[in-house]
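If you want the building blocks of each chain, they are given just below.
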Amino acid sequence: MDIRRFFNKPRSVSEDPGDGDRACVSEAGCSYAQTSEEIDSAREANVSPAEASRQQRSSQQAFEPAGDLGIDQPNQVVKKNYPSSLFSGKKRSFHSAWYTNRDWLEYSVNADAAYCYPCRKFRAPGSSMDSAFTLNGFSDWKHAVEMGKGLNKHAASKENMLCATMWKDKEMRIATGREVSTLVNAEQLQRNRYYLSSIVDVIEFLAVNHLPFRGDNDSYASMSDDGCGLFLSMFEYTLRKDPVLATIAQSIPHNARYTSHEIQNELLDIMSTMVTEHIVTEVGESFYTIKVDGPRDPTGRENISIVVRFINELYEPTERLLTIATADQGDAATLTDTIVEELSKAGLSPRRIISQVYDGASLMSGKHRGVQKRLQEKLQRDIPYVHCFNHQLHLVVSHALAAEQAVLDFFSTCHIL
């Protein structure tokens, strides 16, 4: 059963409202309870009980501010025409021009009244402040801008000046980041950042130098034990050499130490994204060459390294390793799709490729079904293919050494050993 319908349901004759109350049904058919005091008051005023109840509810609502006023800033509603009321036989209304030099003033459409934002927000509980600008709303448009009356009188009042000062002080603290909550947490925030930046430094050192991170145990409690890996060993060394970091680490919660391998991988992904974004920024709107190569790992997946070569702002040829992608299949169609997808995902337009460089294998260099041909077909334009000079040099050296038996014997022996 809908409980809202239950409470709006008129009482039946058999339902007794009690000794002190009576059940009344309005003309619209909605029921409500009337207390004996309300009924007596209605008799004295010579009105119906329902009308007396409505008047009492209206009187209570008159002391509550309108619901469409500003929360964080004054609600300065600008309208071409505001509702008008008769004052001494002349229609008068609110004007948006009154906002000028009155940043505290706000207007409620629902109540058709003006309010003072700082007085509403910052007045002291139980203060003797005029309720016209805080609860009831000011609507005496005839005397609104007269000297010593209405808006001018309120603006010059001591209470308004005090509340306006508190409002401006709060805005200044928010703008400068010196709110009470910020001041309380600023020191702890600085300690947390110092701690996390130390972890980032260790991860960056290991990643740049291509060193392994983990050992047999990646527990924070066992970082001083053997087999904990380079990451925990270096972080433990940093704690010993940095007294400030050691003090901060003692106050870090156990569930927020940021030393697990999941956090390490996440930070590495963030670093990788930052490097890629930097490379894309370097390339900008320049045309570029792609150089693609990659071996197949023991699991049978293709590891595809994509290098971009371009002219930087100093007009110098520059090469950057953009990404290393993986593909489950090593056919020409899959490799072509992977190249285009990785370039687009990084933020580079494949339309700006001016040449492509691969090894001499038919898979890459094939004139009919190789990657270089498929890429041109996919982008629907000619993109010159260049046989990689490094691969050419490798072929020359291999053929030259293969002609000398002593060299073959040497490498064969090394291979056997």
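Refer to the structure presented above.
In this text, all values refer to a predicted model and were calculated from it rather than measured experimentally.

Colleague: Whenever I open this one, the packing of helix H8 (residues 230-241) against helix H9 (residues 243-251) confuses me. Can you help?
Modeller: For any two helices packed against each other, the geometry is given by the interaxial angle and the distance between the axes. The geometry of H8 relative to H9 is characterised by a closest axis approach of 5 Å and an angle of 110° between their N-to-C directions. In terms of their interaxial angle, H8 and H9 are classed as roughly perpendicular. Counted together, Phe235, Thr238, Leu239 and Lys241 of H8 and Pro243, Leu245, Ala246 and Ala249 of H9 form the full contact between these two elements.

Colleague: It is not clear to me how the pattern of salt bridges should be interpreted in this structure. Could you clarify?
Modeller: Any two side chains of opposite charge can pair, given that their charged atoms come close. This structure, assessed with the given rule, holds 14 salt bridges. Among the ionic contacts, a cluster of salt bridges with common partners joins Asp103, Lys168 and Glu171.

Colleague: Would you explain the side chain of Thr289 in this entry?
Modeller: Counting through the fold element by element, Thr289 comes out in strand E7 (residues 288-293). Of the polar contacts made by the side chain of Thr289, one reaches the side chain of Ser355; its length is 2.5 Å. The contacts of Thr289, once residues within four sequence positions are left out, are Val307, Val308, Arg309, Ile354, Ser355, Gln356 and Val357.

Colleague: So what exactly am I meant to see when it comes to the state of the cysteines here?
Modeller: Disulfide: a covalent bond connecting the sulfur atoms of a pair of cysteines. Scanning the model with the defined rule gives zero disulfides in all. Here Cys119 stays unpaired: no disulfide links it, and the sulfur of Cys116, its closest cysteine neighbor, is 3.3 Å away.

Colleague: Please clarify how the pairing of strand E8 (residues 302-311) should be interpreted in this entry.
Modeller: Regular strands show a simple pattern: their side chains alternate between the two faces of the sheet. Bridge analysis of E7 against E8 gives five bridges, and the strand direction is antiparallel. Among the inter-strand pairings, Thr289 is bridged to a residue of E8, identified as Arg309. In this structure, E8 lies alongside strand E9 (residues 317-327), joined through 10 bridges in antiparallel fashion. Within E9, the residue paired with Phe310 across the bridge is Thr318. Here E8 folds back onto E9 in antiparallel fashion, the turn holding five residues, of which Tyr315 has a positive phi close to 60°.

Colleague: When you look at the packing of aromatic side chains in this model, what are you seeing that I'm missing?
Modeller: Here a ring pair, both rings aromatic, is described through the centre-centre distance and the interplanar angle of the planes. Applying the stated criterion to the full structure yields 16 aromatic pairs. Here Tyr117 and Trp167 contribute two aromatic rings whose centre-to-centre distance is 5.3 Å and whose plane-to-plane angle is 65°, an arrangement assigned as edge-to-face. Here Trp167 lies in helix H6 (residues 158-175) and Tyr117 lies in helix H4 (residues 117-122), a separation of 50 residues in the sequence. Assigned by exposure class, Tyr117 and Trp167 land together as buried. Taking NZ or CZ as reference, Lys168 lies 4.2 Å from the ring centre of Trp167, over its face.

Colleague: Would you mind going over the sheet that holds E8 with me for this structure?
Modeller: The strands that make up a sheet pair up through hydrogen bonds in the backbone, lying either parallel or antiparallel. Taken together, the five strands give an open sheet; going across it, the order is E9-E8-E7-E10-E11, and neighbouring strands pair in mixed fashion. Both outer strands of the open sheet, E9 and strand E11 (385-387), are each paired with one neighbouring strand and no more. Here the strands of the sheet are splayed against their neighbours by 25° on average, with no regard to which way each runs. Across the sheet, helix H10 (residues 261-283) touches E7, E8 and E9, and the angle it forms with E9 is around 135°. Set on the sheet, helix H13 (residues 371-379) makes contact with E7, strand E10 (353-358) and E11; between it and E10 the angle comes to about 160°.

Colleague: Which parts of the structure should I look at to understand unusual backbone geometry?
Modeller: Most peptide bonds take the trans form, and the phi angle of most residues other than glycine is negative. One non-glycine residue, His210, lies in positive phi territory at about 55°. On the secondary structure map, His210 appears in the loop between helix H7 (180-208) and H8. One non-glycine residue, Gln380, lies in positive phi territory at about 60°. For Gln380, the location among the structural elements is in the loop between H13 and E11. Exposure remark for Gln380: the relative accessible area of 69% places this residue in the exposed category.

Criteria and cut-off values
- Counting from 1, residues in each chain are numbered in the order their sequence is written.
- For this predicted model, a pLDDT threshold of at least 70 governs which residues receive local features, and a threshold of 80 or more governs which side-chain atom pairs are given and counted, while totals over whole chains, interfaces and linings are taken from all residues.
- With hydrogens and water set aside, each side-chain value is computed from the structure's full complement of heavy atoms.
- Working convention: axes come from line fits to C-alpha atoms, limited for helices to the stretch in contact. Angles between N-to-C directions cover 0 to 180 degrees.
- A run of H or I in DSSP becomes a helix once it reaches four residues, and a run of E becomes a strand once it reaches two; helices and strands are each numbered from the N terminus.
- An angle below 35 degrees is treated as roughly parallel, one above 145 as roughly antiparallel, one from 65 to 115 as roughly perpendicular, and anything else as oblique.
- Note on contacts: a residue pair is in contact if any heavy atoms of the two residues lie within 4.5 Å.
- Any Lys or Arg side-chain nitrogen located within 4 Å of an Asp or Glu carboxyl oxygen qualifies as a salt bridge.
- N or O atoms within 3.5 Å of each other form a polar contact, as long as, within protein, one can give a hydrogen and the other can take it, and as long as residues adjacent in sequence are counted only when both atoms are side-chain atoms.
- Here, a disulfide means two cysteine sulfur atoms that sit within 2.5 Å of each other.
- Strands were regarded as paired on the criterion that DSSP finds at least two bridges between them.
- Aromatic pairing here means that ring centres of Phe, Tyr or Trp (its six-membered ring) are within 6.5 Å. Orientation follows from the plane angle: under 30 degrees is stacked, over 60 is edge-to-face, and everything else is tilted.
- Each residue's exposure class comes from its accessible area (1.4 Å probe, protein chains only) as a fraction of the maximum for that residue type: buried when under 20%, exposed when over 50%, partly exposed otherwise.
- A ring is scored as having a charge over it whenever the NZ atom of a lysine or the CZ atom of an arginine sits within 6 Å of its centre and within 35 degrees of its normal.

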